[in-house]
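What follows is the residue order along each chain.
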Amino acid sequence: MALVLTTASVPDGERLAYWRDALGRALVPTAVTVPGDGPFEARLRTERLGCLRVSTVDADAHRLRRTPAHIADERAGADAGGASGADYVAVGVQRTGTATLIQDGRRSVVEEGDLFVHDTARPYSLDFPGRFTAHVVHMPRRAVAVPEEELRQVTGTAIGGGDGVGALLANFLTSLTASVPRCAPAVAARLATGVVDLFATLVDERTRRPSAVGADAADPLVERVRDHIDRSLGDPDLSPQSLAAAHHISVRYLHRLFEGEGVTVARLIQQRRLERCARELARADATAATVSAVAQRWGFANPAHFSRVFRAAYGLSPREWRRAEGFAVPDGGPGPGTLGPRSSAASA
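In short, a report on the structure. The shown structure was predicted, so the numbers you read here are calculated from the model rather than taken from an experiment. (Residues numbered from 1 in each chain as written. Predicted model: local features only at pLDDT ≥ 70, side-chain atom pairs only at ≥ 80, totals over all residues. Heavy atoms only, no water.)

Some remarks on the overall build of the protein
Part 1 of the argument: Regarding its fold elements, the protein presents 12 helices and 13 strands.
Part 2 of the argument: Within the protein, buried positions represent 49% of all 348 residues.
Part 3 of the argument: About 15,800 Å² of surface is accessible on the protein, with carbon and sulfur atoms providing 52% of the total. (Helix = DSSP H or I, 4+ residues; strand = E, 2+ residues; numbered from the N terminus. Buried < 20%, exposed > 50% of the residue type's maximum accessible area, 1.4 Å probe, protein only. Areas by Shrake-Rupley, 256 points an atom, 1.4 Å probe, with all protein chains shown as cover.)

Digging into the side chain of Thr 155
Part 1 of the argument: Its place among the elements puts Thr 155 in the loop between helix H3 (148–151) and strand E12 (157–159).
Part 2 of the argument: Classification of Thr 155 as buried rests on a relative accessible area of 0%.
Part 3 of the argument: If we ignore the near neighbours within four places in the chain, the residues touching Thr 155 are Gln 103, Asp 104, Arg 106, Val 117, His 118, Asp 119 and Arg 122. (Contact = heavy atoms within 4.5 Å.)

Quick look at the environment of Phe 128
Part 1 of the argument: Note that Phe 128 resides in strand E10 (residues 124–128).
Part 2 of the argument: On a C-alpha basis, the gap between Phe 128 and Asp 60 in space is 8.0 Å, while along the polypeptide they are 68 residues apart.
Part 3 of the argument: If we ignore the near neighbours within four places in the chain, the residues touching Phe 128 are Ala 61, His 62, Leu 64, Gln 94, Thr 98 and Ala 99.

Topic: the sheet that holds strand E2 (residues 31–33)
Part 1 of the argument: The sheet built from 5 strands is open, its strands ordered E2-E5-E10-E7-E8 with antiparallel pairing. Because the sheet does not close on itself, it has two edges, and the strands there are E2 and strand E8 (106–110). Taking each pair of neighbouring strands and ignoring which way they run, the sheet shows an average axis angle of 15°.
Part 2 of the argument: Note that strand E7 (residues 99–103) and E10 share 3 bridges and pair antiparallel. (Pairing = 2+ DSSP bridges. Axes fitted to C-alpha atoms, helices over the stretch in contact; angles between N-to-C directions.)

This is the structure in structure tokens:
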């Protein structure tokens, strides 16, 4: 069931306050300002798909600002047993119009067809200077198994949706938000996983640096090594030594190949293993394997070591990650009437 919120039946003088309240309840709280004193029209259509909040916004020019106070208030509410939208990663597709996104010291102009990314756990602003349409998907941070240092490299940026993984994700999100399918919870969870995995792949594409050592000759070998790592993560003996032997090169040469990749071979193995563990733990249900079993499945032989490196990467222990509130969000979301008589519910 989709929730549709519109200013159409709201008196002109109350529309801005209504829209601010609508966004705050359905998505995340922000400050909202509009240029001039003219009429303001806006419409939000939003619904759940597994752990995702999938939304389309059609609105006149306005500016959104998420401040430290908004985030602190939400965290305080969550500590008191309420819900929190503070830990979400939002990825949007600018369908019409333009926007300016500011986060993490970056200022990016978002054109039609571009993707834009922001993290609701940190302040940001989105300025839409004219009438626009945007599709936005909010993903729980704990479902996005991307290290914080890599995520911060793409937040506050505009990403072209014309080629590469950006094109795949933009097309997928556009189709998904145009008509969120009615499906069983298990199917919805798989579709949500597809979105999260595509986004993680996009982050990987955007943050991976080209090799600075023998680029023309070395890159194919680097890609083969990376592929070997991804296929062998469950092998506890996977190491720079085993990789070098498998590719008939010395360990020293293997390290040279990765000098321009921005990550050591051992660190890459650990990072990939952590990502797989984080995704499996985030999707776990009541019948899922234990944390230790998940760790062993992805090559971590020592549970204590796994817990230490997991917390260092994601800021939570594996058990806290699995139990973290806000991932298994009820499908209903804000129900009809939660914003008063001017909110309306419409079927998908």
